[in-house]
Every structure is written in C-alpha cells, then in structure tokens.
Amino acid sequence: MATTPSPQPVTFQRQADVLVVTIDNPPVNALGVDVRRGLVAAIEAAEADGAAAAVLLVGAGRNFIAGADIREFGKPPQQPSLPEVCGRIENCSKPVVAAIHGAALGGGLEIALSAHYRLALPSAKLGLPEVQLGLMPGAGGTQRAPRLIGVKAALDLMLSGRHAGAKEALAIGLVDRLGEGADALAEGLAYAQALAVAKAPVRRTRDASQALADKDAQRAALEAARADTAKKSRGLFSPMKIIEATEAALSQPFDQGMALERKLFLQCVDSPQRAGLIHAFFAEREVLKAPETKAAKPRPIESCGIVGGGTMGAGIAVAMLDAGLPVTMIERDEPSLARGRAHVEKVYDGLIGKGRMTAEAKAAVMARFSGSTAYDALAKVDLVVEAVFEDMAVKKAVFAELDRVCKAGAVLATNTSYLDIDEIAAGTSRPGDVLGLHFFSPANIMKLLEIVVPAKVSADVVATGFELAKKLKKTPVRAGVCDGFIGNRILAVYRQAADHMMEDGASPYQIDKAVRDFGYPMGPFQVSDLAGGDIGWATRKRKAATRDPKARYVQIADRICERGWFGQKTGRGYYLYPEGARTGTPDPEVEAIIDAERRRAGITPRSFTDEEIMRRYMAAMINEGANVVHQRIALRPLDVDVTFLYGYGFPRHRGGPMKYADTVGLPKVLADIREFAKEDPLFWQPSPLLVALVERGADFSSLDQSE
Ligand code: COA
Ligand code: NAD
C-alpha cells in the first residue's frame, strides 16, 4: 500500500448543489495535521459557496477515516486540534453528511458524530478504540456519543474498543441510514441531495437530548459500567477516565463536558500506558516486515501435513483446519493416530458443547482432515509441520522420511522447542526447504508463531512461514536458531532468577503475586503448574550434562517433580489443586521442601519486597533480551516485545520487556544488574548491547527501525 501522502490530503469539489469533501491520506486516511487543516478549509469553502446547499464527507480508498494519526501522540500538538475541527464541522450552517465505508474509528467516528447526518455502507466499521491505545476519545466522542446513542451503548463502544458494523450502527442510532454496495460517493451524494431537496435542517449532536432523556436509566448504566470496570480493568488508566468524562455528558452542559474530556484525554496521553500500548500497536505491524518477506514471494499453501498428533500436533491441525486448509496427520501407529484424531475432535466437541458450533459444521471441518501411518500420504502436500517427541534422533528419522516422500518445493517445518534446526536441515537433501515454525500451546489459541530461520533456508520458504501465519491469524516473529529461540531462551533465564529468589527466601506464592501485580495474568510457578512440571524437568535432565558446574543450580523443582507433583494434571505442584480445582492454594509441604533445600544449600533465608522481586525478574528478562538482539536471534528489540506480548502474557500496557526497560531507563537496569552481580557474577553478566547502549546514551527503541 502506498504510504506517500498525496499532496492534498483533503480536496473539495461541488457536484450540483453538494460540496463533496474527499479525505485521501493513504494508507488509512488518518487525521494528520494536513487533513485537519484541509477539513477546516473545506468547511470554510462550503460556507462561502452560495451554490452549495449541503456538504458530503467521504474517504478515498478502503476507509472513511481510521482515526487520529497515532504517530502524532506524544509530539508537540499542531493546530488546528481535532476537537476544533469537529466543532467547525458541527457548527457549519449547511447540513453536513458523512458517508462511511470501511473504518470510521476513533477520531474518524468523532468527525462523523460532528456531521449532521450519517450513512453507513455494508463495509463500515464504526468504533471508538482509543482505550486499546491507553487513550480515550478526545474530540467530543465522550460527549457526543452518549447524546446520540445513550450512555450504555456509548460506554460499551468506548470501554471495549470493539467495532460495530453498519446494521448494528443503525440499530443503536449511531447512523441514520444504510447504503448499498461499495460506492460511498454515489450513495452519499444521493443522500445529501435528498436532504438538500427536502431542505433538511442542520442537526447538531451537541444539542441532541432524546437518548439521555431518562436520566435514572442513564445513571444506572453509568454506575453499572463503573462497578464492572473497577473489577475488570486491572490497573488500566484510561477506562475510568472514559467513565468520568461520560458522566459529564449526563450532568454538565456540552462545553463543560468537552473541557473535562480534554483535561482527562491529556492525562491519558501523558501516561506511560499510552506509550506502551502504542508501541505494541506499531510493533505488531513491524514484525511482519522481515527481510525475507520483502525479498521473496511465498510459495502457495493449499494443503498441509502434520507429523505427530500429540498436544502440539493436534493443536496445529486445528489451527490449520480453522483456516480452511486440508490437513493430513501422520502418526507412528493406528492407536496413536486414533488418539491424535480424538484430540482434534475434542476441540470441536468442546465448541459444540458450548453451543458455538453445530454437529454439521464439525463434520464439514473434519471432512478436510485425514490421517495415516504411512508417510506416502504426504506426497502432495505443500507444507508439513513435524511435532513429534523432542528428541534429535526421532526428528532426524522423521525428516529423512519427509525428504523421501514430499514433492519438490514442499516446505518442511519443525515445531521443536529447543533443538538445533540447522542439524535437522543438514540431515536432508534439501536444507533450503527446512525451517522452524514454533507454535505455542494450545496451538489453536495462542497467537505467537516464531518463524525460526536456519542458515541454509531459502528466503521464499521463510516468506511462506509468514504467509502461513497470516492464514492462521497468528502473529509471526522472525527468530534465529539457538537454544530456545527468542522466547524460551529468555524464559529460561528469568525463570532461573525466580528460582534463585525462591531459594534465597521469597516464597513461590509471593513471587507469583508480585508478577501478577505487575500485570501478568499468572506468575511463573502457576505457569509451571499449568504446563506440567515434567516438561521443564525433562529439559533440565537433558541439559544436565552440558550445564556449567560453576553455575548456581536450584534443586527445588527437581525435589517437587521427584514426588510426581507435576502441577494441575496431578492435583499438586507448587500449589494444591484439590478435586480438580483450576486455581491452586499454597502448599505447606512445598514450603517445607523449600526450607529443607535452603538448609541443604547453606542459605539463610532473607525477605524480599515485591518491588525487589520484580527488579530482579525484569532485569534478568531484559538482559537476556539484549543478548538475543545482540546475537541477531531477534532482529530488533520490538521482536522480543511482540514475542512476550503474544506468547508469554506480558502486560500489553507496558509494551513488552524492552519497551519497559526504556521506560525504567537503561542506566538504572544496568546498575541493578551490576549490583546483583556482586552476589552471583556468573549469572548476572551485563549484556554487551546493554552496556553499549548505556555508554552512548541510547535506548532499545533506537534500534527498532525496520530492517
Ligand atoms: N495512525 C497512523 N497510522 C495508522 C493508523 C493511525 N490511526 N491506523 C493504521 N495506521 C497504519 C499502520 O501502522 C500501517 O502502517 P504500515 O503499513 O506502515 O505498517 C497501515 O496504516 C495499515 O494499517 P493495517 O492495520 O495494517 O491495515 P488494515 O487494513 O489491516 O486495518 C485499520 C486498518 C484502520 C482497521 C487498522 O489499521 C486500525 O485499527 N487502526 C487503528 C485505528 C485506531 O485505533 N484509531 C483510533 C486512533 S486514536
Ligand atoms: P506429545 O508427546 O504430546 O506428542 C508427540 C506425538 O508424536 C505423540 O503423539 C507421538 O505418538 C508422536 N510421534 C512420536 N514419534 C513419532 C514418529 N516417529 N512418527 C509419527 N509420530 C510420532 O508432544 P508435544 O507436547 O505435542 O510436543 C511435540 C513437539 O512440539 C516437541 O518437539 C516439543 O518440544 C514441541 N513443543 C511443545 C510445546 C508444548 O507446550 N507442549 C510447545 C511448543 C513446542
């Protein structure tokens, strides 16, 4: 999509007695300063043009207006401001019509709310998604939306950030009329001309009163939303500000409400949450721009194969089936194949049980699924994902079979978590076709897909990985080959930091709570109990021979696993899960094991504050993140951020670990690491990249430009 702004992002031209104002600011008609100036000029022209009886606002391209220009937030404001532009539109003495197709979001909807009549085409998506960026509507949305559609519907849009379609918009009173087809100009012109002929009056939303007439009902809706938000918004700043501003729409004159909205909006703009969420917005788009996606065209993917029908293979099969692809699953014998198929069916049966799928729909999906114990069934597929046991010899044997049966040009992918993909590729006659596609569990739900790029893979195979991610609606992150790639490699390090703190005196329950209070949905010990302690135990045993004997090794997890306490699936792990409970309760026996281990290691326990816990936890994560960027395993810091936002539950309003590090200040993070290194210099070795950035006074975001 072209990104060069056209010389004049707003043009106007009279057609009969309607002044047609076109917003043309690719890619999405965001309301940058030139658009705002152009809109004011257009309204002035309409006032001055005696032959213009009405004004029509339309967007060129695929959208009406996608909203404020997000890149301008945090920069010095430029006049005219968006509220001023909206005011000029609303105050126009001639009827203004907004004809909406595609996105009318945020400021785009606020422009439409300032018009006097609104028409929506079937493609329209209307919403006030500012909350997702740590913001609130700041150009009258909190004042005009309730006046037009009532408090309940307005708060629903503003607090969820969701998009409403054309029909819903008509039903709730957000638009006046539905258009047909895709031609916003033709539909809008017909509406504007009809209004001009009928001498329809200007109708200012600021003066609308009907939707707020029943004050008691409106107040009740506001209080219900306030109570709900207090419970659910988990430390987010802007939702309560949205409610406060909406309350003003109910109780104060329009201009006072607007003044309060502005004040609260600016508080949101200044909040670090706004910076974190906007970083996340751009980062999740930047990760799509890997060098290979620019250099090469993806190979076609019309059909897929999966080897292994366990936890991951079945989840990946569901993700592919959900994307409409035919899937062939290979297992080692008939009983395993039956189990693999049953794992897939269980997901759909779960949906049927919840009333979210019909039996017929399931049958239609399963018609695209086939299974076999013979590799020849994969002869024609375009892409295979291997998801067998995490064992190099087993994987190599599988790839030898794939090499034998798959057609030339088929993409051969492994879902390995840790193994050396260069070695797997080298065992085939076609290393250019082999890459890593590292899904996360449950693979049909988790959004992250690490696209792991071995040395010999061709660019078009990597591009195919990104294309598959798009088909599966996953967020891809390009990663290099190393033990654990981006995510699991960093996880291994901060998990060790957590284990060190546990042995030094913090309880796993305190650590989990500190991590939750930081904004994670779960702490590391809860995650271990959920995933199954046996998985980490197996990895530790596999790596025991290569572990540096001088490195600190905490044995508490091994003591727990030796008892068969693997977490939720065994009823106890770090926590107790009586009678299949999904939330655990602290276990005094685990605390006793920890005490015994501390004694064995000769450690006198000390206390940690939650803040100390998070400083160490984050310093470990950031330092290894810096190593991963330094060694080019991740292209940029933002790739680490997206990995953690989408695969590890990192709180989005903090932007990701590297963005968080910038917020704290890299000198402070480095000083912490050097302080901790006094106790354990082997574990706490400052990353060379972190040191270099601090020396030159730079931050991680300075490295975030696209490659
Ligand atoms: N300001 C500045 N740039 C924006 C933007 C905005 N409001 N909305 C989108 N863009 C940019 C994207 O960064 C992307 O740039 P890139 O191509 O350089 O990566 C480009 O426009 C296309 O966006 P993308 O999201 O890839 O297109 P899409 O067709 O999938 O989706 C939208 C279009 C409008 C639905 C989606 O971009 C969106 O939701 N935008 C944000 C809307 C919003 O929150 N508005 C309120 C702002 S307060
Ligand atoms: P699993 O034990 O649940 O399933 C493995 C399946 O592979 C079994 O059904 C087994 O019968 C089958 N299998 C073994 N050898 C085979 C062969 N030669 N031919 C055909 N099928 C064979 O394991 P899993 O958890 O699904 O993990 C699979 C892979 O995915 C591993 O490499 C693992 O590291 C990786 N992974 C796992 C997770 C996770 O959270 N479980 C996450 C990401 C990646």
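All residue numbers here refer to positions counted from 1 along the written sequence of the relevant chain. The order in which chains are written sets their letters, starting at A; the order in which ligands are written sets their numbers, starting at 1. Only residues with pLDDT of 70 or above have their local features reported here, since the model is predicted, and side-chain atom pairs are shown and tallied only from 80 upward, although totals for entire chains, interfaces and linings are computed over all residues. For the side-chain quantities, the full set of heavy atoms in the structure was used; hydrogens and water were omitted.

For the chain, an unreviewed UniProt entry supplies the name 3-hydroxyacyl-CoA dehydrogenase and the organism Variovorax soli. Per its UniProt entry, the chain bears the Subcellular location (unreviewed entry) comment "Peroxisome". UniProt positions are given in the numbering used here, feature names are shortened, and annotations may be inferred rather than shown by experiment. The chain has a UniProt comment under Pathway (unreviewed entry) that states "Lipid metabolism; fatty acid beta-oxidation."

A short note on the domain arrangement of the chain
The domain boundaries assigned to the chain delineate domain 1 (10-270), domain 2 (301-483) and domain 3 (488-703). Distance between the C-alpha centres of domain 1 and domain 3: 45 Å. In this entry, domain limits derive from an automatic or database-based domain assignment.

Things to note about the site of ligand 2
The criterion for a residue being near a molecule or strand is simple. One of its heavy atoms has to lie within 4 Å of it. If you check the shell around ligand 2, you find 23 residues, and the closest are M312, E331, R332, E390 and K395. One nitrogen or oxygen atom from the main chain of M312 is found 2.8 Å from an oxygen atom belonging to ligand 2. All accessible-area figures derive from a Shrake-Rupley calculation using a 1.4 Å probe, and residue coverage is judged against the displayed protein chains alone. With the chains in place, 79% of the 830 Å² that ligand 2 exposes on its own is no longer accessible. Breaking the shell around ligand 2 down by element, the ones donating at least two residues are α12 (311-322), α15 (392-405) and β14 (434-439). By residue number, the principal contributor to the shell around ligand 2 is α15, which donates 3 residues. Each residue is assigned to one class: nonpolar for Ala, Val, Leu, Ile, Met, Phe, Trp, Tyr, Cys and Pro, charged for Asp, Glu, Lys and Arg, and polar for all the others, Gly among them. Among the residues forming the shell around ligand 2, the class breakdown is 10 nonpolar, 9 polar and 4 charged. Nitrogen and oxygen atoms within 3.5 Å of one another constitute a polar contact, given that in protein one can donate a hydrogen and the other can accept it, and given that sequence-neighbouring residues count only through two side-chain atoms. Numbering goes from the N terminus for both helices and strands, where a helix is a DSSP run of H or I of at least four residues and a strand is a run of E of at least two.

Re the sheet that holds strand β1 (residues 10-15)
Pairing between strands is defined by DSSP: at least two bridges between them are needed. Taken in spatial order, the 6 strands of this open sheet run β1-β2-β3-β4-β6-β8, and their pairing is mixed. With partners counted over all chains shown, the strands left at the sheet margins are β1 and β8 (177-178), one partner each. Where strand β2 (residues 18-23) meets strand β3 (residues 54-59), 6 bridges bridge the pair, whose relative direction is parallel. Within the sheet, the bridge partner assigned to V18 lies in β3 and is A54.

A look at the site of ligand 1
Not every one of the 20 residues close to ligand 1 is listed here, only the nearest: R62, A66, A68, R285 and K289. Within the side chain of R62, a nitrogen or oxygen atom sits 2.7 Å from an oxygen atom of ligand 1. K289 is positioned with one of its side-chain polar atoms (N or O) 2.9 Å from an oxygen atom of ligand 1. Compared with its free state, where it exposes 870 Å², ligand 1 has 77% of that area covered by protein. The element contributing the most residues to the shell around ligand 1 is helix α10 (residues 272-286), with 3 residues. The class makeup of the residues in the shell around ligand 1 is 12 nonpolar, 1 polar and 7 charged.

A look at the packing of helix α4 (residues 141-160) against helix α9 (residues 254-270)
Each axis is a line fitted through C-alpha atoms, taken for helices only over the stretch in contact, and angles between the N-to-C directions span 0 to 180 degrees. Following both chains from N to C, one finds α4 and α9 inclined at 135°, their axes separated by 8 Å at the closest point. When the interaxial angle is binned, α4 and α9 end up oblique. Together, G141, T142, Q143, R144 and R147 of α4 and F254, G257, M258 and E261 of α9 make up the contact between the two elements. Taken together, the residues that form the contact of α4 with α9 break down as 2 nonpolar, 4 polar and 3 charged. Angles are sorted into four bins: roughly parallel if under 35 degrees, roughly antiparallel if over 145, roughly perpendicular if 65 to 115, and oblique for all others. Contacts were defined at the residue level, with two residues in contact if any of their heavy atoms lie within 4.5 Å.

A short note on the UniProt feature "domain: 3-hydroxyacyl-CoA dehydrogenase NAD binding" (unreviewed entry) in the chain
Within the UniProt annotation, "domain: 3-hydroxyacyl-CoA dehydrogenase NAD binding" (unreviewed entry) is assigned to residues 305-479. Secondary structure content for residues 305-479 is 42% helix and 21% strand, while the C-alpha to C-alpha distance between its ends is 23 Å.

A short note on the pairing of β3
For β3, the tally of buried residues reaches 6 of 6 residues, placing the bulk of the element in the interior. In this scheme, a residue with accessible area under 20% of its type's maximum is buried, one over 50% is exposed, and one in between is partly exposed, where area comes from a 1.4 Å probe on protein chains only. Neither face of β3 is left uncovered, since the one carrying A54, L56 and V58 and the one carrying V55, L57 and G59 both have all their residues buried. Whether a crossover is right-handed comes down to one check: with the strands pointing away from the viewer, does the path from the first strand over the helix to the second run clockwise; if it does, it is right-handed. On the question of chirality, the crossover connecting β2 to the parallel β3 by way of helix α1 (residues 33-48) is right-handed. Summarising the sheet, β3 and strand β4 (residues 96-100) pair through 3 bridges and their orientation is parallel. Within β4, the residue paired with L57 across the bridge is A98. As for the winding sense of the linkage, the β-α-β connection from β3 through helix α2 (residues 82-91) to β4 is right-handed.

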